[in-house]
Amino acid sequence: MKIAFLYTLEANKTLFLPYINQYLADKSVTISHHVNELLLKQAIADGLTSNVVNLVQQEIKEIAIAGADIIICTCSTIGDAAEKTADITARVIRVDRPMAEHAILNSSIRVLAALESTIEPTLELLQQCANQLNQSPAIAYDVIPDAWQYYADGDTVSYAKTIAKYIELNEISDDTIVLAQASMAPAVKYVQHWPIPILSSPVLCCQYLSKLVPSHD
């Protein structure tokens with residue numbers, strides 16, 4: 001089985017490697033990595049216009065033609081557009097889908113994002129999963145101020161610590177926290193006092209993939 005990961009940030013390739021190695025290294029699977037930072041830049045600048053959707057789906061088609069069985073879109077902002085790519089044999093999964101399916105089993109969810117553009121796609125995904133599984137959680141969201149610039153500047157540690165500090169300083173009373181962007185995952189290790197479970201997409205996605213692919217034995 002061939003699994004391809006599409007990243008819209010070069011740094012996310014490094015972020016995912018430990019999870020890929022942990023959950024997929026001993027499986028009979030070939031992993032490939034593809035980076036296209038233009039896709040997220042265009043989505044942030046223009047929104048999910050038909051032009052941006054076309055760019056995303058063209059990238060997905062090219063990866064599929066190269067022989068991927070499963071394509072993981074690691075960017076929440078463009079995940080829906082990626083999953084809706086038509087006329088390909090590969091299965092496309094947005095990285096946050098397994099996390100969303102897990103989250104909606106709770107009665108209340110707090111979505112945290114560092115980018116405003118991620119909120120709407122994440123809320124739509126959660127609602128879609130809730131409808132499919134006949135769940136009706138209360139969903140609220142916050143955009144964490146001042147965090148994304150650190151990531152844009154390449155300071156991933158300050159980025160993660162800013163997110164962690166926000167979680168610690170705000171009294172979040174929901175049942176679970178959803179970190180909307182894969183890039184936010186490292187923040188979890190900096191949270192000293194976990195008020196409630198914190199879900200991040202890279203680990204849950206790789207756990208999900210490990211159940212799809214056969215082992216060598």
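A brief report on the enclosed structure follows. For clarity, every value in this text was computed on a predicted model and none was experimentally measured. (Residues numbered from 1 in each chain as written. Predicted model: local features only at pLDDT ≥ 70, side-chain atom pairs only at ≥ 80, totals over all residues. Heavy atoms only, no water.)

### Quick notes on the sheet that holds strand β1 (residues 2-7)
In sheet architecture, strand pairing relies on hydrogen bonds along the backbone and comes in two forms, parallel and antiparallel. Heads up, the condition is: Between any two strands, at least two bridges found by DSSP are needed for them to pair. Each helix is a run of H or I in the DSSP string that is no shorter than four residues. Each strand is a run of E no shorter than two, and both are numbered from the N terminus. Only C-alpha atoms enter the line fits that serve as axes; for helices the fit covers just the stretch in contact. Angles between N-to-C directions range over 0 to 180 degrees.
The strand order across the open sheet built from four strands is β2-β1-β3-β4, with neighbouring strands paired in parallel fashion. What marks the edges here is a single partner per strand, and that holds for β2 (30-35) and β4 (91-94). Shown here is a sheet whose adjacent strand axes are inclined to one another by a mean of 20°, direction ignored. As defined by bridge partners, β1 adjoins strand β3 (residues 70-73) across four bridges and the pair is classed as parallel. Among the inter-strand pairings, isoleucine 3 is bridged to a residue of β3, identified as isoleucine 70.

### What about the packing of helix α2 (residues 37-46) against helix α3 (residues 50-65)?
Defined as follows: Should an angle fall under 35 degrees it is called roughly parallel, over 145 degrees roughly antiparallel, and 65 to 115 degrees roughly perpendicular, with every other angle called oblique. Take the far helix as your reference; a near helix turned counterclockwise from it by less than a right angle gives a left-handed crossing, and one turned clockwise gives a right-handed crossing. Only heavy atoms enter the contact rule, under which two residues are in contact if any of them lie within 4.5 Å. Polar here means any residue other than Ala, Val, Leu, Ile, Met, Phe, Trp, Tyr, Cys and Pro, which are nonpolar, and Asp, Glu, Lys and Arg, which are charged; Gly is therefore polar.
Between α2 and α3, whose axes approach to 10 Å, the crossing angle comes to 165°. When the axis of α2 is compared with that of α3, the two are roughly antiparallel. Where α2 crosses over α3, the two elements pack in a sense that is left-handed. Facing α2, whose interface residues are Leu39, Gln42, Ala43 and Asp46, α3 presents Asn51, Val52, Leu55, Val56 and Glu59. Grouping the amino acids of the contact of α2 with α3 by side-chain chemistry returns five nonpolar, two polar and two charged.

### Considering unusual backbone geometry
Spelled out, the test is: Note on exposure labels: buried denotes an accessible area under 20% of the residue type's maximum, exposed denotes more than 50%, and partly exposed covers the range between, all computed with a 1.4 Å probe on protein chains only.
In this structure, aspartate 87 takes a positive phi of about 60° despite not being glycine. In this structure, aspartate 87 sits in the loop between α4 (79-83) and β4. Positive phi values are uncommon outside glycine, yet asparagine 134 reaches one of about 55°. With respect to the element layout, asparagine 134 can be found in the loop between α6 (116-132) and β6 (138-143). By relative accessible area, asparagine 134 is classed as exposed at 71%.

### Some thoughts on empty space enclosed by the protein
Rules: Residues are called lining when one of their atoms sits within 4 Å of a cavity or pocket point, these points coming from a 1 Å grid over the protein atoms alone, where a cavity is a set in which a 1.4 Å probe fits but cannot get out and a pocket is an open set with protein on both sides within 12 Å along at least five of seven lines. Grid points are joined across faces, edges and corners, and a volume is the space filled by probe spheres set on the points.
Across all of its chains, the model carries two cavities of 30 Å³ or more by this definition. Here the largest cavity is characterised by a volume of approximately 100 Å³. Around the largest cavity, the lining is made up of 14 residues, and of these Leu9, Leu40, Cys75, Ser76 and Gln181 lie nearest the centre. By residue class, the composition of the lining of the largest cavity is six nonpolar, eight polar and no charged. As a volume, the second largest cavity reaches approximately 30 Å³. Lining the second largest cavity, in full, are Asp96, Met99, Ala100, Thr122, Leu125, Leu126 and Val178. If you tally residues by element for the lining of the second largest cavity, the top one is α6, at three residues.

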